[in-house]
Structure formats: structure tokens, C-alpha cells
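Per-entry structural report
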Amino acid sequence: MSIAYQSSSLIGGHETPEARTKLNFLECLRLIERLHRRMLDIVKHRLDAVGMNDINSVQALLIYNIGDHEMTAGDLRNRGYYLGSNVSYNLKKLVETGYIMQERSEHDRRALRIWLSDKGKAVCTLVGELFDENLDMIKDRNIFEDDDVTELRNALRNLEGFWSDILRFQS
């Protein structure tokens, strides 16, 4: 049954403000997931266009999130959200294909320190340029104003904080 047609959302044949808010909220959740997938599709299209067939879009995003930093795999997992992906598997593949360098941490021999190779830095630059191009096109087409982007970011951070608090205090 579609959420839009649940009987509880209608009073006297009219949608209530509460029902509209619920519909909008649920649509936002679907859009967040779809936008992430579309972003991955855009990244994959660019990788294919430049002939980088040995890397997928999730791996390219991992590389982009590493950037100029040296970190552990755990640090990377905590910094980013990789829907349906196995960070450890992807990092192993990126090491095998020469995009990422790794070595054991001197302080904690269990931890692997990772950083980008020159090949990985090229992917990081490629993805960064792609995001810059997309932002320029978004601005040129008036899809968002600068304040809209800030407002959207703040709203999404507030939602993330709310859900993080719920998870943290459920014990």
C-alpha cells in the first residue's frame, strides 16, 4: 500500500499537515539513498570515460575520502558512508591495484596505516574535479544558491546527529 493513500493520512478527504510532513520525510529518505547512487553513477561514468576500468565508483569515493591523509581503515570507515560496500575488501583491492599504499602502524602493530599512491592521487584529483564541475553546473542552472546548500547541509547534519543520539542512548 502506498504511503500516500493510507487512510490515516486523510481527514474528510483532505491530507493533514502531519500526513504531508510524513510523506515529505519519507521521500527525503528515499532521495538521500537515490542521490548517493546517482553520485556513484556519475563517478563511474567519469572513470569509464578516462579508461579507468580497474576501479569502481565506491573505491574511487574511498580514495577521494582518504585524500592527502594517512589513516587506518577504521578511521576511513568512521569518516564516510559506503552503502552496501565492504571497506576492508575494497581497500585490499585498492592496495592490490596500486591505488593505496599501506604499512603496519609503529604504535599498534594490529593497525594498518594507509595513504594514496601517485595512482590514487590521480583518482582523487579526478573525483575532486568532477565534484567541482558538478557544483559549477548546479550554480549555473540555479538549482541551488549558496545559502540553500548550507541550509541543506545543516538539516542533514541535524538529522544525522539525532539518529546518532538515538543509537548512542539505546543500550
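1. Digging into the overall build of the chain
Helix and strand counts for the chain stand at six helices and five strands. Taken from the N to the C terminus, the helices and strands of the chain come in the order β-β-α-α-β-α-α-β-β-α-α. Within the span of the chain, comprising 171 residues, buried residues form 25% of the whole. Across the chain, every contact between residues at least 6 apart in sequence was considered, and the portion connecting residues at least 24 apart equals 50%.

2. Some thoughts on the packing of helix α2 (residues 57-66) against helix α4 (residues 87-96)
For the pair α2 and α4, the least separation of the axes is 10 Å and the interaxial angle reads 85°. The pairing of α2 with α4 is recorded here as roughly perpendicular in orientation. Residues Val58, Gln59, Leu62, Ile63 and Ile66 of α2 touch α4, and the partners they reach there are Val87, Asn90, Leu91, Lys93 and Leu94. Each residue belonging to the contact of α2 with α4 can be placed in one class, and the counts come to seven nonpolar, two polar and one charged.

3. Quick word on the sheet that holds strand β3 (residues 71-72)
Strand order in this open sheet of three strands is β3-β5-β4, and the pairing throughout is antiparallel. Each of the sheet's edge strands pairs with one partner strand only, and the pair in question is β3 and β4 (100-104). Bridge count for β4 against strand β5 (residues 112-116) is five bridges, and the pairing is antiparallel. If you follow Gln102 over to β5, its bridge partner there is Ile114. Strands in contact with α2 are β3, β4 and β5; relative to β5, the strand with the most contacts, it is inclined by about 95°.

Rules used in this analysis
Residues numbered from 1 in each chain as written. Predicted model: local features only at pLDDT ≥ 70, side-chain atom pairs only at ≥ 80, totals over all residues. Heavy atoms only, no water. Helix = DSSP H or I, 4+ residues; strand = E, 2+ residues; numbered from the N terminus. Buried < 20%, exposed > 50% of the residue type's maximum accessible area, 1.4 Å probe, protein only. Contact = heavy atoms within 4.5 Å. Axes fitted to C-alpha atoms, helices over the stretch in contact; angles between N-to-C directions. Parallel < 35°, antiparallel > 145°, perpendicular 65-115°, else oblique. Nonpolar A, V, L, I, M, F, W, Y, C, P; charged D, E, K, R; others polar. Pairing = 2+ DSSP bridges.

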